[in-house]
Amino acid sequence: KKTIDRIVSITWWTLLLALFFLVFGIVSAKIKGEVPTVFGYSVVKIISPSMEKDIPVGAYVLIKDVDPEDVKQNDIICFYSDDPDIKGFPNLHRVVKPPIAVGDGYEYVTKGDNNAMEGSVTAKSDKLIGKFVTRMFWLEDLSDAVSSNGMMTFVMILFVLSIGMIVAVV
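Residues numbered from 1 in each chain as written. Predicted model: local features only at pLDDT ≥ 70, side-chain atom pairs only at ≥ 80, totals over all residues. Heavy atoms only, no water.

A closer look at the overall build of the protein chain
Heads up, the condition is: Each helix is a run of DSSP H or I of at least 4 residues and each strand a run of E of at least 2, with the numbering of both proceeding from the N terminus. The size measure is the radius of gyration over C-alpha atoms, and the globule rule it meets is 2.2 Å times the number of residues to the 0.38 power. Relative accessibility decides the category of a residue: with a 1.4 Å probe and only protein chains considered, values under 20% of the type maximum give buried, values over 50% give exposed, and everything between is partly exposed. Throughout, a residue-residue contact means that at least one pair of heavy atoms, one from each residue, lies within 4.5 Å. Accessibility throughout is a Shrake-Rupley quantity obtained with a 1.4 Å probe, and a residue counts as covered only by protein chains that appear here.
Of regular secondary structure, the protein chain possesses three helices and nine strands. Going residue by residue from the N terminus, the α and β elements of the protein chain occur as α-β-β-β-β-β-β-β-β-β-α-α. Relative to its length of 170 residues, the protein chain is extended, with a C-alpha radius of gyration of 20 Å against a globular reference of 15 Å. Dimensions along the principal axes, computed over C-alpha positions, put the protein chain at roughly 65 × 40 × 25 Å. Expressed as a percentage of the 170 residues in the protein chain, the buried residues total 26%. Considering only residue pairs separated by 6 or more positions, the protein chain has 50% of its internal contacts joining residues 24 or more positions apart. Just so you have it, the protein chain exposes about 11,600 Å², and 65% of that area is on carbon and sulfur atoms.

Following this line, the structure appears as structure tokens:
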């Protein structure tokens, strides 16, 4: 019994420490104005209608880290934009022409599926976040549920009870 308790305790503290570093990494990226990446994946909330109708405003999308040379024409990529209207914010657009090799990187001519013409500013490989993988419908549903006052109260109570259980076990 003592060995099992010790294994459970070590496992619990390892998971708690891993969770701490995960949350620290996410918060740190957010403070720097970057998209947090966990195990090569990021989640981005869409705030512009440029990719509607398939990817509307408010949708959450999963982005996979990718090497710049693996981006091809017709891929949907996420990148930090140099467009003066949205400078520095993540942008999700389709690559509409083959990538252009520039120095030791690439530039991508992109266009939102809902936009009339391609972007006037190219996306640069050094500002590439990754490739679009899928839309995360379940996260949109969860976000809608949590944004309601009753659900937010429930989540906070659940969080406080979880912390209480952690303290009680230790």
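Side note on the sheet that holds strand S4 (residues 90–95)
Note the cut-off: A pair of strands is labelled paired if DSSP reports no fewer than 2 bridges between them.
Judged by pairing direction, the sheet is antiparallel, and its six strands sit side by side in the order S1-S2-S9-S3-S4-S7 without closing on themselves. If you trace the sheet from one side to the other, it starts and ends with strand S1 (41–45) and strand S7 (110–111), each paired once.

Topic: the nonpolar core
Nonpolar side chains in soluble globular proteins tend to be buried together. Here is the rule: Definition of nonpolar core: a set of buried residues of the types Ala, Val, Leu, Ile, Met, Phe, Trp, Tyr and Cys, connected through side-chain atoms within 4.5 Å.
In terms of nonpolar packing, the biggest core is built from 13 residues, with Ile55, Val61, Ile63 and Leu92 touching the most fellow members. Put simply, the parts of the chain that give this core at least two residues each are strand S2 (60–64) and strand S3 (76–80). Contacts of Ile63, omitting those with residues within four sequence positions, involve Gly40, Tyr41, Ser42, Val44, Cys78, Leu92, Ile129, Gly130, Lys131, Phe132 and Val133. Among the nonpolar cores identified, the runner-up in size contains eight residues, and Val66, Ile77, Phe79 and Leu128 belong to it.

Focus on the pattern of salt bridges
Counted only if it meets this: Salt bridge, as used here, is a side-chain nitrogen of Lys or Arg placed within 4 Å of a carboxyl oxygen of Asp or Glu.
Counted by the stated rule, this structure contains five salt bridges. Across the pair Lys131 and Asp75 runs a salt bridge, and its minimum N-O distance is 3.0 Å. Of this pair, Lys131 sits in strand S9 (residues 128–135) while Asp75 sits in the loop between S2 and S3, and the two are 56 residues apart along the sequence. Here Lys124 and Asp82 are joined by a salt bridge, their closest N and O atoms 3.8 Å apart. One end of the pair, Lys124, is in strand S8 (residues 123–124); the other, Asp82, is in the loop between S3 and S4, and 42 residues separate them in sequence. The exposure class assigned to Lys124 is partly exposed, which follows from its relative accessible area of 25%.

A few points about the sheet that holds strand S6 (residues 105–108)
Whenever strands of a sheet pair, they do so through backbone hydrogen bonds, lying parallel or antiparallel. Across the sheet, which stays open at both edges, the three strands sit in the order S5-S6-S8 with antiparallel pairing between neighbours. Edge strands, defined here as strands with exactly one partner in the open sheet, are strand S5 (100–102) and S8. Relative to S6, S5 is paired through three bridges, and the arrangement is antiparallel. Bridge pairing in S6 places Val102 opposite Gly105.

Description of helix H1 (residues 2–31)
Put simply, the rule reads: The length a helix should cover is 1.5 Å for every residue beyond the first.
For H1, with 30 residues, the first-to-last C-alpha span of 43 Å sits near the 44 Å given by 1.5 Å per residue. Phi turns positive, to about 80°, at Gly33, one or two residues after H1.

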